[in-house]
Amino acid sequence: MSNTQARVPLKARKVSFSWDGTPLHWVPEDPFTTHTINVLHLLLPAGERWFVHVYKQVLPYIRDERLREDVIGFIGQEAMHSQAHDEVLPHLREQGLDPTPYTAQVDWFFEKLLGDRTLPPGRPRRWWLMERVALIAAIEHYTAFLGNWVLNAGELDRRGADPTMLDLLRWHGAEEVEHRSVAFELFMHVDGSYSRRVRTWATAFSALVFLWQRGTRFFMENDPTLIDGKASFKDFHVRGRQGLLPTTGDMVRSIPRYLSRDYHPSQEGDTEQAVAYLAASPAATAAEKRSA
Ligand SMILES: [Fe+2]
Ligand SMILES: [Fe+2]
């Protein structure tokens, strides 16, 4: 097994960040890049809380001890990610950017639309659980994609992006790379239907694009320092070419990979790089010291 595929035991690192010194536009003079990445703070608190909620229900269906351990490690990491992104929101509020109108919609989306429905026990309830397990596997294809991207996004450093925000993103990104196989392996273990994989990918991808562009526009329109804040696909495409956001091409190419019958997340990203980042990350090493 190569290093990029080595299995690492998953543990939650109890990180904490101080946002006092982080400016509103933490990518200097680039509100669009700042706010596009800021959408993570809107989606992940509710989204990752929902992962945890769904996975606790699927634990009884796991008949493989190693996978169960991975899922439990995954739950611990995602709970911490959700909390860490949530803690950025009061800081945005202090800077005049109140995210509540948007996060209220995201909460509804994950808690109500994708929540537990009143279904009879047995097949209907199991169907809805499997559908959500497959959705999480599709979303995790993108969290691993983004994690791998941010670990390698040297242009953000060159533009002087805020080091605390970069550490949050890279600590999270590195753990996404570290646990990138868990959601897919769980889906394959409990269900693995190819038609379900395709269907839930289409749902997850459309929802992500829809929520993301709305979130970026929400921030641009409500940023108190911008007179006529707008966001367009062209802005996104240009930042991708500059290395400040993922490129459109990389995103398009990630689609057939997930839909390929040979797909396995270990082919994406580099575990060794993720582990190396976590060993040097200011937040992760401070967490390690506190727990020791
Ligand atoms: Fe996460
Ligand atoms: Fe994840």
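Quick note: structure is the one above.
Given the structure is predicted, the values throughout are model-derived calculations rather than measurements. (Residues numbered from 1 in each chain as written. Chains lettered and ligands numbered in written order. Predicted model: local features only at pLDDT ≥ 70, side-chain atom pairs only at ≥ 80, totals over all residues.)

### Quick notes on the overall build of the chain
Phase 1 of the analysis: Scanning the chain from N- to C-terminus turns up 13 helices and 0 strands.
Phase 2 of the analysis: The C-alpha atoms of the chain give 19 Å as radius of gyration, which agrees with the globular expectation for 292 residues (19 Å, within 12%).
Phase 3 of the analysis: In terms of overall dimensions, the chain has a C-alpha envelope of 55 × 40 × 35 Å along the principal axes.
Phase 4 of the analysis: Across the 292 residues that make up the chain, the buried fraction comes to 38%.
Phase 5 of the analysis: Considering only residue pairs separated by 6 or more positions, the chain has 85% of its internal contacts joining residues 24 or more positions apart. (Helix = DSSP H or I, 4+ residues; strand = E, 2+ residues; numbered from the N terminus. Rg over C-alpha atoms; globule rule 2.2 N^0.38 Å. Buried ≥ 20, exposed ≤ 12 C-beta atoms within 10 Å, placed from the backbone. Contact = placed C-beta atoms within 7 Å.)

### Examining the environment of A137
Phase 1 of the analysis: Counting through the fold element by element, A137 comes out in helix α5 (residues 123-151).
Phase 2 of the analysis: Taking the C-beta count within 10 Å as the criterion, A137 has 27 such neighbours and is therefore assigned buried.
Phase 3 of the analysis: Expressed as a C-alpha distance, the spacing of A137 and V198, which sit 61 residues apart in the sequence, is 11 Å.
Phase 4 of the analysis: In contact with A137, other than residues within four places in its own chain, are A183, F184 and F187.

### A word on the nonpolar core
Phase 1 of the analysis: By size, the foremost hydrophobic cluster in this structure holds 32 residues, and its most contacted members are V133, I136, A137 and A138.
Phase 2 of the analysis: Counting residues per element, this core draws most heavily on helix α1 (residues 31-58), which supplies 12 residues.
Phase 3 of the analysis: Setting aside its immediate chain neighbours within four residues, V133 contacts V54, V58, L186, F187, V190 and D191.
Phase 4 of the analysis: Core analysis: the next-biggest nonpolar cluster, separate from the first, contains 28 residues, L146, V150, L168 and Y277 among them. (Core = buried A, V, L, I, M, F, W, Y, C linked by C-beta atoms within 7 Å.)

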